[in-house]
Amino acid sequence: MAARVALFAVVALLAGSGGPARASNDEGDALYALRQRLKDPNGVLQSWDPTLVNACTWFHVTCDSASRVVRLDLGNSNVSGSIGPELGRLVNLKYLELYRNNLQGEIPKELGNLKNLISLDLYANKLTGGIPKSLSKLNSLRFMRLNNNKLTGSIPRELAKLSNLKVIDLSNNDLCGTIPVDGPFSTFPLRSFENNSRLNGPELQGLVAYDSGC
């Protein structure tokens, strides 16, 4: 009798759920949107199954004790495609590691929504366009490595507001203008900016236009 009751409970639960649980949470949806954008010749994203309850069981995704996505590590994974604006919905993310891939297109301005981000590693890709001013909203950011891409434009002066920034590497791009001197930029070595043929040295305040050479 007890077995029949238990079986009925299971059947009722499945009937009420409408089938397999689907990743309806916003973080899972955002990550799967990224999955749809990427070509994955090595199959590193095979575990990214949208029918699972949440994304915490996917490889290369780390969650905290509250099942919130705090780390995305796809560095050196041979993926290609673009970084979509959906990643800006991972508001609990602390580490975004997409380095050494074949990613193209621009850095989405929506990454400025990642207020808890500590490390932004997009180096060694084929990213183009400018550095979004919205990254200046990442007040928790300590590491920003965008080197070895094809980024253009000037270094946003707004980045000088990032008082917690300890490391920046913008070398080997096609940036122009002058290097800021305010805030944490006063401590960064010049090698952080080398091999940008149109980028001048630290700005001479009041003497050289900030976007000189752009």
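Residues numbered from 1 in each chain as written. Predicted model: local features only at pLDDT ≥ 70, side-chain atom pairs only at ≥ 80, totals over all residues. Heavy atoms only, no water.

Looking at an unreviewed UniProt entry, the protein carries the name Somatic embryogenesis receptor kinase 1, with the source organism given as Dichanthelium oligosanthes.

Before going further, it helps to examine the pattern of salt bridges. By the definition in use, this model includes seven salt bridges. Where Asp-73 meets Arg-71, a salt bridge forms, and the shortest distance between an N and an O atom there is 3.9 Å. For Asp-121, the salt bridge is made with Arg-145, and the minimal N-O distance between the two is 2.5 Å. Taken together, the positions of Asp-121 in strand β6 (residues 119–121) and Arg-145 in strand β8 (residues 143–145) put the pair 24 residues apart, joining distant regions of the chain. (Salt bridge = Lys/Arg side-chain N within 4 Å of Asp/Glu carboxyl O. Helix = DSSP H or I, 4+ residues; strand = E, 2+ residues; numbered from the N terminus.)

For the rest of this paragraph, the subject is the packing of aromatic side chains. Taken as a whole, this structure holds four aromatic pairs when the rule is applied. Residues Trp-48 and Trp-58 carry aromatic rings whose centres are separated by 5.2 Å and whose planes lie at 25° to one another, so their mutual orientation is stacked. Taken together, the residues span a long stretch of sequence, with Trp-48 in the loop between α2 (26–37) and β1 (61–63) and Trp-58 in the loop between α2 and β1 at a distance of 10 residues. Trp-58 sits in the buried class, given a relative accessible area of 2%. Pairing Phe-185 with Phe-188 gives two aromatic rings, centres 5.3 Å apart and planes at 75°, and the pair type is edge-to-face. For the pair Phe-185 and Phe-188, one class covers both residues: buried. Clustering of aromatic rings is evident, with ring pairs tying together Phe-185, Phe-188 and Phe-193. When the ring centre of Tyr-95 is taken as origin, the NZ or CZ atom of Arg-71, which lies over that ring, is 4.9 Å away. (Phe/Tyr/Trp six-rings, centres within 6.5 Å; stacked < 30°, edge-to-face > 60°. Buried < 20%, exposed > 50% of the residue type's maximum accessible area, 1.4 Å probe, protein only. Lys NZ or Arg CZ within 6 Å of the ring centre and 35° of its normal.)

For the rest of this paragraph, the subject is unusual backbone geometry. Leave glycine aside and you will find that most residues have negative phi; peptide bonds, for their part, are mostly trans. Phi at Arg-100 is positive, roughly 55°, even though this residue is not glycine. Position of Arg-100 relative to the elements: it lies in the loop between β4 (95–97) and β5 (102–106). Assessed through its relative accessible area of 47%, Arg-100 is described here as partly exposed.

The next subject is the state of the cysteines. Counted by the stated rule, this structure contains two disulfides. The disulfide partner of Cys-56 is Cys-63, and the S-S distance across this bridge is 2.1 Å. The S-S bond linking Cys-56 to Cys-63 shows a torsion near -95°; that makes this disulfide left-handed. Put simply, Cys-176 and Cys-214 are joined by a disulfide, and their sulfur atoms are 2.0 Å apart. (Disulfide = S-S within 2.5 Å.)

For strand β11 (residues 174–179), the buried fraction is high: five of the six residues fall into the buried class. In this structure, strand β9 (residues 152–154) lies alongside β11, joined through three bridges in parallel fashion. In the sheet register, Ser-154 faces β11, and the bridge partner there is Cys-176. (Pairing = 2+ DSSP bridges.)

Moving on to the sheet that holds strand β2 (residues 69–73). One open sheet accounts for six strands, arranged β1-β2-β4-β6-β8-β10; its pairing is mixed. With partners counted over all chains shown, the strands left at the sheet margins are β1 and β10 (167–169), one partner each. Averaged over all neighbouring strand pairs, the angle between strand axes comes to 10°, with direction disregarded. Bridging between β4 and β6 involves three bridges; their strand directions are parallel. Bridge pairing links Tyr-95 to Ser-119 in β6. (Axes fitted to C-alpha atoms, helices over the stretch in contact; angles between N-to-C directions.)

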